[in-house]
Number of protein chains: 2
Amino acid sequence: MEADPLSENYGEVVIQDLQSKHISGRRLTEIRFFNETLKDKTVLIRGKIQTSRCVGKNSRFLVLKEKVSSIQCVLTVEDNLSPQMVKFATSLSKEFNVEIEGIVSVPDYPIKRATQNVELQVTKIYCFSEALPNKKKALQPAKQIPHVNPDKCLNFRVLDVCTPANQQMFRIQCQVDSEFMQYLLSEGFLGIDTPKVIATSQTDGPPACLAQSPQLHKQMAICWGFGSVFEIGSVFRAEKSKKLRYLCECIGLDLEMEIKEHYSDVMDVVEGLFVSMFDSLNEKCKKELEAIGNQYPFKPLKYLKKTPRLTFEEGVQMLKEDGVKVNPLRDLNKQLKRKLGKLVLEKYGTEFCILHRYPTAIRPFYTMPSHDNPTYSNSFDVFIRGEEIISGGQRVHDLELLITRAESCGINLKSIEAYIDAFRYGTPPLGGFGVGFEKVVMLFCGLNNIRETSLCSPNPQRITP
Amino acid sequence: MEADPLSENYGEVVIQDLQSKHISGRRLTEIRFFNETLKDKTVLIRGKIQTSRCVGKNSRFLVLKEKVSSIQCVLTVEDNLSPQMVKFATSLSKEFNVEIEGIVSVPDYPIKRATQNVELQVTKIYCFSEALPNKKKALQPAKQIPHVNPDKCLNFRVLDVCTPANQQMFRIQCQVDSEFMQYLLSEGFLGIDTPKVIATSQTDGPPACLAQSPQLHKQMAICWGFGSVFEIGSVFRAEKSKKLRYLCECIGLDLEMEIKEHYSDVMDVVEGLFVSMFDSLNEKCKKELEAIGNQYPFKPLKYLKKTPRLTFEEGVQMLKEDGVKVNPLRDLNKQLKRKLGKLVLEKYGTEFCILHRYPTAIRPFYTMPSHDNPTYSNSFDVFIRGEEIISGGQRVHDLELLITRAESCGINLKSIEAYIDAFRYGTPPLGGFGVGFEKVVMLFCGLNNIRETSLCSPNPQRITP
């Protein structure tokens with residue numbers, strides 16, 4: 001082919017030009033901002049090639065994606081656009097990073113393959129980062145991949161994580177995080193950070209371990225006069241489980257607050273926070289939820305403005321009336337919880353409900369017993385789609401009772417000395433709850449595998465990626 | 001003393017009444033909301049006794065605090081207030097938790113001992129949680145305690161943390177956290193959570209360790225198409241240092257982003273983010289900063305809307321011109337950094353500045369070398385009051401160059417396989433930075449001891465509280 005007088009309009013960018021050589025001041029437009037108002041404007045964009053196809057003899061259509069947005073870019077041989085340039089564009093494979101200059105046009109046909117409803121008539125195209133050839137299934141359109149082995153997905157996480165559903169999952173998570181923080185800040189809660197390497201409660205074994213939750217420290221923060229606190233932070237489990245519903249490392253959303261009168265104060269916060277969060281997800285994350293639903297079909301979560309609060313005894317009664325055998329003082333197993341979730345859905349029309357006044361024997365030592373019957377306690381669990389997601393309640397604030405309870409539960413008092421000491425200087429009644437961040441997203445989106453909601457999901461069998 | 005017909009108006013609350021006995025619907029008013037508009041209203045408050053003093057024969061003044069607010073409560077013997085009730089109030093010690101019903105009054109004298117400018121004429125008073133007798137120094141007014149041994153402060157953290165300066169420190173931190181998140185969300189960054197238990201890079205030793213930073217994972221997130229990400233999360237250091245400027249566990253504020261043209265893109269974010277954060281702290285946290293200044297006097301941070309950016313070579317030159325001996329290719333030690341900080345303050349009038357284009361030899365393997373001279377790199381450090389606080393730069397996005405750089409730095413490629421693999425599928429130029437959360441607060445407030453800014457500050461010598 002003869003030398004192209006228009007050869008400056010396309011080509012490979014050499015590494016030296018990508019080492020911060022100069023500041024030209026030219027502006028890139030993000031793909032998500034493209035719409036009809038930019039018609040006839042000359043713009044500069046960057047993105048990864050998502051699809052590339054030939055249209056007729058002289059045209060090439062590239063779809064460029066940036067984060068979760070994409071735009072169709074058209075190259076047609078004409079005066080200022082050489083056949084060599086179209087050939088160059090044709091040589092670029094999927095996932096290559098390119099920079100394109102072009103003029104925005106509004107086609108009179110609907111664009112199906114991209115998120116933005118305008119096209120770019122390409123004037124210049126440069127490739128600045130190639131991808132190695134790959135034929136991994138994970139890059140195929142979403143609906144073809146549900147049966148890939150989860151472990152393989154993690155081996156090729158770089159590819160797996162690029163599917164629209166997975167990209168959007170992390171946007172939902174970020175929204176959950178932000179809503180949790182904003183809601184609690186607006187309610188006067190203070191964000192704190194408790195230590196993750198803490199003293200162990202066992203007498204044998206190493207002296208320190210990773211915190212399974214900020215439980216004792218967040219209670220100490222109330223003793224320390226902070227009034228009401230929350231924490232968004234890493235929590236660790238050493239469970240050897242490979243189960244799809246456990247992560248060894250996840251993000252805990254925790255709060256603790258003074259109780260003014262009744263542990264319903266805490267349940268009020270649960271209800272206010274989560275109903276507001278669900279509303280906000282449904283309102284602000286429509287696109288994200290749609291993309292997830294395309295790969296993992298799910299029905300929107302059913303919830304009410306007023307969340308039903310059943311006592312544990314009432315829950316047991318509902319199960320009994322349905323012909324199920326239940327021990328009224330033992331915790332419900334997974335099957336019973338799901339069964340109860342169904343019964344509540346039938347009776348109240350909601351998949352989000354609170355079960356409270358649990359038997360004291362199945363709750364931690366720091367749980368406050370009921371005022372009228374020490375067999376029961378001022379505690380609660382919260383369920384989404386029949387899965388327990390939140391555990392909380394009123395804590396024992398009285399020093400003597402706390403020591404008695406700890407001893408009767410076989411806790412080594414020496415190992416929780418700093419915690420016990422915090423209650424020596426006068427503590428108001430207090431309560432709180434904890435919830436697994438990834439589990440909120442998993443259950444809101446009706447997913448079966450919690451690993452989908454974790455960027456890397458380390459577990460005892462794998463520590464990469 | 002004879003039986004008091006008004007004995008129902010005061011007394012000790014028994015534990016049974018604090019076990020969520022009933023929901024009365026009565027409302028407590030938070031002390032921070034008290035002002036003249038509540039005049040003559042009957043209200044209910046809760047708080048801890050901060051001071052208690054006798055005024056004349058028949059009156060007792062209690063100052064009640066809740067979080068960082070306080071109000072003066074007055075009991076004077078009269079028709080509806082028995083001498084026995086005043087005697088009961090007199091029996092209550094500092095730190096006891098009480099509930100008071102009273103009528104708001106606006107005194108014609110200024111109230112010096114409380115934050116709110118109205119008083120409460122007490123009608124009922126109940127004590128619901130006593131403090132054990134304590135005579136610890138830490139509960140004395142702020143100015144008397146700066147010389148308490150830091151280790152002792154941690155032993156009695158429950159008392160130490162209650163000083164107004166320490167309470168406010170954590171409010172400043174929460175604000176830093178929230179500003180960091182809000183600013184980056186508004187700029188289109190996505191919040192992510194990377195794993196904390198990761199594979200080690202050493203060939204000997206255990207296979208997993210705690211992450212010192214999300215460095216490699218946040219770069220992988222850019223390879224994975226997230227565009228621009230941030231993380232607020234725990235980072236761990238195993239240093240045995242007892243130095244006042246190191247924490248073994250702290251909160252890292254990290255971000256990573258695509259670079260469109262030059263690593264100044266990243267420095268632009270540093271500048272925009274921190275100038276906005278400083279503005280916001282000065283504007284929204286006046287009270288908090290004042291309380292900290294009362295205990296630890298400091299001068300407000302000097303910073304400019306436009307942050308000076310000096311090259312490393314220019315910094316070295318400034319030091320040389322001042323008569324200091326400097327090796328132009330070695331990192332500046334603590335003394336040189338402080339010296340340079342002083343020179344920059346004299347020349348530019350700011351204590352916040354950026355030093356960039358560091359020698360490649362003193363930066364990590366993933367740092368992008370300069371386009372014109374591989375001795376220097378596309379990297380930067382940021383300084384507050386002569387202390388390095390942020391480290392960042394452009395990363396190598398080119399697979400071949402990355403492998404060459406890692407090998408030449410003696411990195412075991414096998415140990416970073418997942419990271420290297422992430423670059424096989426086409427990555428745009430990228431860069432970012434990391435900053436220690438506690439250090440921002442420490443240096444903004446001109447503190448000398450980073451432990452003041454950490455709730456519990458665990459280190460190899462102590463894992464409690």
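Residues numbered from 1 in each chain as written. Chains lettered and ligands numbered in written order. Predicted model: local features only at pLDDT ≥ 70, side-chain atom pairs only at ≥ 80, totals over all residues. Heavy atoms only, no water.

Identification of chain A as aspartate--tRNA ligase from Papaver atlanticum is taken from an unreviewed UniProt entry. The UniProt entry for chain A carries the following text under Catalytic activity (unreviewed entry): "tRNA(Asp) + L-aspartate + ATP = L-aspartyl-tRNA(Asp) + AMP + diphosphate". Looking at the Subcellular location (unreviewed entry) heading of the UniProt record, one finds this comment for chain A: "Cytoplasm". (UniProt positions renumbered as here; feature names shortened; annotations may be inferred.)

Draft legend 1. Inspection of the overall build of chain A at higher detail. Secondary structure assignment for chain A yields twelve helices and 16 strands. When burial is assessed residue by residue, chain A has 57% of its 465 residues classed as buried. Contacts spanning at least 24 positions in sequence make up 68% of the contacts within chain A whose residues lie at least 6 apart. For chain A, the accessible surface area stands at approximately 20,300 Å², while carbon and sulfur atoms represent 51% of it. (Helix = DSSP H or I, 4+ residues; strand = E, 2+ residues; numbered from the N terminus. Buried < 20%, exposed > 50% of the residue type's maximum accessible area, 1.4 Å probe, protein only. Contact = heavy atoms within 4.5 Å. Areas by Shrake-Rupley, 256 points an atom, 1.4 Å probe, with all protein chains shown as cover.)

Draft legend 2. Highlighting the sheet that holds strand β15 (residues 387-395) of chain B. Residue and element names in this part refer to chain B. In spatial order, the strands read β7-β10-β11-β16-β15-β14-β13-β12; together these eight strands make up an open sheet with mixed pairing. Strands with a single pairing partner mark the edges of an open sheet, and in this sheet they are β7 (190-191) and β12 (309-311). Where strand β10 (residues 228-236) meets strand β11 (residues 249-258), nine bridges bridge the pair, whose relative direction is antiparallel. Note that in β11 the partner of G233 across the bridge is G252. Relative to β11, helix α5 (residues 215-223) is tilted by about 25 degrees, and along the sheet it contacts β10, β11, β15 and β16 (430-436). (Pairing = 2+ DSSP bridges. Axes fitted to C-alpha atoms, helices over the stretch in contact; angles between N-to-C directions.)

Draft legend 3. How the structure looks around the interface of chain A and chain B. Every contact between the two is made by 96 residues of chain A and, on the other side, 96 residues of chain B. Sorting the residues of chain A by area buried against chain B places W224(A), E261(A) and Y425(A) first, and these three jointly supply 11% of that buried surface. At the surface where chain A touches chain B, the tally comes to four salt bridges. Between E66(A) and K260(B) there is a salt bridge, with the nearest N and O atoms lying 3.5 Å from each other. Viewed at the interface, chain B and chain A are joined by 44 residue pairs in polar contact (both at pLDDT 80 or more). Examining the composition of the side of chain A that touches chain B, we find that nine residues originate from one element, helix α4 (residues 164-186) of chain A, more than from any other. (Buried area = accessible area lost by both parts, 1.4 Å probe. Salt bridge = Lys/Arg side-chain N within 4 Å of Asp/Glu carboxyl O. Polar contact = N/O pair within 3.5 Å; in protein donor to acceptor, adjacent residues only side chain to side chain.)

Draft legend 4. Inspection of the packing of helix α4 (residues 164-186) of chain B against helix α6 (residues 264-284) of chain B at higher detail. Residues and elements named next belong to chain B. Following both chains from N to C, one finds α4 and α6 inclined at 140 degrees, their axes separated by 10 Å at the closest point. Between α4 and α6, the angle falls in the class oblique. Between α4 and α6 lies a crossing whose hand is right-handed. Across the interface between the two elements, I172, Q175, V176, E179, F180, Y183 and L184 of α4 pack against V269, G272, L273, S276, M277, S280, L281 and K284 of α6. Of the residues belonging to the contact of α4 with α6, the class tally is nine nonpolar, four polar and two charged. (Parallel < 35°, antiparallel > 145°, perpendicular 65-115°, else oblique. Left-handed = near helix turned anticlockwise from the far one by under 90°. Nonpolar A, V, L, I, M, F, W, Y, C, P; charged D, E, K, R; others polar.)

Draft legend 5. Geometry of the relation of the copies chain A and chain B. Overlaying chain A with chain B gives an RMSD of 0.0 Å, the required rotation being 180 degrees about an axis along which the chain moves by 0.0 Å. Here the transformation between the copies is reduced to the relation of a two-fold axis. Residues of chain A ranked by C-alpha distance from the rotation axis are headed by G233(A), positioned 3.3 Å from it. The residues that chain A uses at the interface reappear at the interface of chain B in 100% of cases, marking a shared surface. (Least-squares fit on C-alpha atoms with pLDDT ≥ 70 in both.)

Draft legend 6. The pattern of salt bridges, seen in detail. Residues and elements named next belong to chain B. Evaluated as defined, the whole model comprises 56 salt bridges over all chains. Between D268 and R309 there is a salt bridge, with the nearest N and O atoms lying 2.7 Å from each other. Note that D268 is positioned in helix α6 and R309 in strand β12, a separation of 41 residues in sequence. We classify D268 as partly exposed; its relative accessible area is 42%. For R309, a relative accessible area of 24% gives the class partly exposed.

Draft legend 7. View of the nonpolar core. The biggest cluster of nonpolar side chains holds 157 residues, and the ones touching the most others in it are F274(A), F380(A), F433(A), F274(B), F380(B) and F433(B). Formed by 29 residues, the second largest nonpolar core is a distinct cluster that contains L81(A), M85(A), A89(A) and Y425(B). (Core = buried A, V, L, I, M, F, W, Y, C linked by side-chain atoms within 4.5 Å.)

Draft legend 8. Geometry of the sheet that holds strand β11 (residues 249-258) of chain A. Residues and elements named next belong to chain A. Sheet architecture is open: eight strands sit in the order β7-β10-β11-β16-β15-β14-β13-β12, paired in mixed fashion. Each having just a single partner strand, β7 (190-191) and β12 (309-311) make up the two edges of the open sheet. Lying on the sheet, α4 is in contact with β10 (228-236) and β11; it crosses β10 at an angle near 155 degrees. In the packing of helix α9 (residues 334-348) onto the sheet, contacts are made with β12, β13 (352-356), β14 (379-384) and β15 (387-395), and the angle to β15 comes to roughly 90 degrees.

Draft legend 9. Broad picture of the domain arrangement of chain A. The assigned domain composition of chain A is domain 1 (23-131) and domain 2 (163-453). Placing a centre on the C-alpha atoms of domain 1 of chain A and another on those of domain 2 of chain A gives a separation of 48 Å. (Domains from an automatic or database assignment.)

Draft legend 10. Representation of unusual backbone geometry within the structure. In this structure, R385(A) takes a positive phi of about 50 degrees despite not being glycine. On the secondary structure map, R385(A) appears in the loop between β14 and β15. With relative accessibility at 23%, the residue R385(A) sits in the partly exposed group. One non-glycine residue with positive phi stands out, namely D40(B), at about 70 degrees. Following the sequence through the fold, D40(B) ends up in the loop between β1 (10-12) and β2 (42-55). Residue D40(B) is classed as exposed on the basis of its relative accessible area of 56%.

Draft legend 11. Representation of the side chain of Q173(B) within the structure. Note that Q173(B) resides in helix α4. For Q173(B), the residues in contact, after removing those within four places along its chain, are F437(B), E438(B), V441(B), T453(B) and S454(B).

Draft legend 12. Region of the structure containing α4(B). Here α4(B) spans 33 Å end to end across 23 residues, near enough to the 33 Å set by a 1.5 Å rise per residue. Residue G188(B) follows α4(B) closely and has a positive phi angle near 85 degrees. (Expected span 1.5 Å × (residues − 1).)

Draft legend 13. Structural context of the pairing of β11(A). Residue and element names in this part refer to chain A. Of all ten residues in β11, ten are buried; the element is thus mostly enclosed. Bridge count for β11 against strand β16 (residues 430-436) is seven bridges, and the pairing is antiparallel. When the bridges of β16 are listed, E258 appears paired with L430.

Draft legend 14. Representation of the pairing of strand β6 (residues 119-129) of chain B in the model. Residue and element names in this part refer to chain B. Taken together, the three bridges between β1 and β6 define a ladder with parallel strand orientation. Across the sheet, residue E12 finds its bridge partner in β6, namely C127. Here three bridges tie strand β4 (residues 69-76) to β6, and the two strands are oriented parallel to one another. Residue V74 lies in a different strand from β6, and its bridge partner there is Q121. Pairing between strand β5 (residues 97-105) and β6: nine bridges, direction antiparallel. Within β6, the residue paired with V98 across the bridge is C127.

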